[in-house]
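Coordinate analysis (summary)
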Amino acid sequence: MAKSIAIDGPAGAGKSTIAKMVAKELGFIYVDTGAMYRAMALYMINNGIKAEESDKISATCQTADITIKYEDGVQVVYLNGENVNGLIRTEAVGNMASASSVNGDVRKKLVELQQKLAETTDVVMDGRDIGTVVLPGADLKVFLTASSRVRAKRRYKELTEKGVACDIETIEKDIIDRDYRDSHRENSPLKQAEDAILVDSSYMTIEEVAGKIIELYRAK
Ligand code: DC
């Protein structure tokens, strides 16, 4: 049976960077489920659908064909045959993804795709509901978090390095609001699975966190 590690947690905790390192070390495939929700959001935007039009989102998601492939070890997301990796990291797509990912029909479709992938391949999968809904039988479940202040500082550093003017108080407020939305939605809220191990990355380096997860997996 294929092996799996589930990494859930709020935005900015370092999930994707760490999941990628863990996957590389163990020879597993890294599955970024957020990218699938982003591709679906892009499809909604391309179809002129607004975040509050939940009936239209339910109907339209049925015609979205989202697949992922690995090219040189990198996950590439295809939306109806088109590589959309370069189009899904914008603020507009992120905001639409946050809204459309609450839709039950969107979630059903993407969860099925994620489960199918993990049936045949060893995966490190990150998201919000991997340990609770997508892979309840995962070999290891980690709930990765960091304080809102630390996450805001990381984001501030990232943005200022890119030359984007920003303010740390506003960033922290956005993070707190998003955490609240993600953990209070009706469908698959962000929540630590009962058997998940809590890892707080506030005062750890990325390498320390990845090392800890690998150690936890090997100890299983
Ligand atoms: O991790 P990210 O920012 O790329 O995720 C984009 C959006 O998708 C985010 O608003 C949360 C949502 N998401 C989700 O609901 N479930 C997942 N398993 C992964 C992401």
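Attention in this report is confined to the structure presented alongside it. (Residues numbered from 1 in each chain as written. Predicted model: local features only at pLDDT ≥ 70, side-chain atom pairs only at ≥ 80, totals over all residues. Heavy atoms only, no water.)

Here we look at the side chain of S101
Formally: In this text, helices come from DSSP runs of H or I with a minimum length of four residues, and strands from runs of E with a minimum of two, each type numbered from the N-terminal end. Buried, partly exposed and exposed residues are distinguished by accessible area as a fraction of the type maximum, computed with a 1.4 Å probe on protein chains only: under 20%, between the cut-offs, and over 50%, respectively. Each polar contact in these results corresponds to two N or O atoms within 3.5 Å; when the atoms are within protein, one needs to be able to donate a hydrogen and the other to accept it, and residues that are neighboring in sequence are counted only if both atoms are side-chain atoms. Working rule for contacts: check all heavy atoms of both residues, and any pair within 4.5 Å makes them a contact.
Among the secondary structure elements, S101 is positioned in the loop between α4 (91-100) and α5 (104-120). Its relative accessible area of 7% is what places S101 among the buried residues. A polar contact of 3.3 Å, which involves the side chain of S101, links it to the backbone oxygen of S98. Each residue touching S101, except ones within four places of it in the same chain, is listed here: Y37, R107 and R185.

Observations concerning the sheet that holds strand β5 (residues 82-83)
For clarity, the threshold we go by: By this definition, two strands are paired if DSSP reports at least two bridges between them. To get an axis, fit a line to the C-alpha atoms, keeping to the stretch in contact for a helix; angles then go from 0 to 180 degrees between the N-to-C directions.
Spatially, β3-β4-β5 is the arrangement adopted by the three strands of the open sheet, whose pairing is antiparallel. Here the strands that pair on one side only, and so sit at the sheet edges, are β3 (66-71) and β5. Pairing analysis gives two bridges linking strand β4 (residues 74-79) to β5, with the strands arranged antiparallel. Looking at β5, one finds that L79 is bridged to E82. Contacting β3 and β4, helix α2 (residues 33-46) runs over the sheet at an angle of about 25° to β4.

Looking at the pattern of salt bridges
For clarity, the cut-off: A side-chain nitrogen of Lys or Arg and a carboxyl oxygen of Asp or Glu constitute a salt bridge if their distance falls within 4 Å.
For the coordinates displayed, the defined rule picks out 13 salt bridges. A salt bridge links K56 to E53; its shortest N-O distance comes to 3.5 Å. Linking E158 and R155 is a salt bridge whose minimum nitrogen-to-oxygen distance equals 2.7 Å. Pair noted here: E158 and R155 are both in helix α7 (residues 148-161), with a separation of three residues, about one helical turn. What makes E158 partly exposed here is its relative accessible area of 41%. Overall, the relative accessible area of 32% leaves R155 in the partly exposed class.

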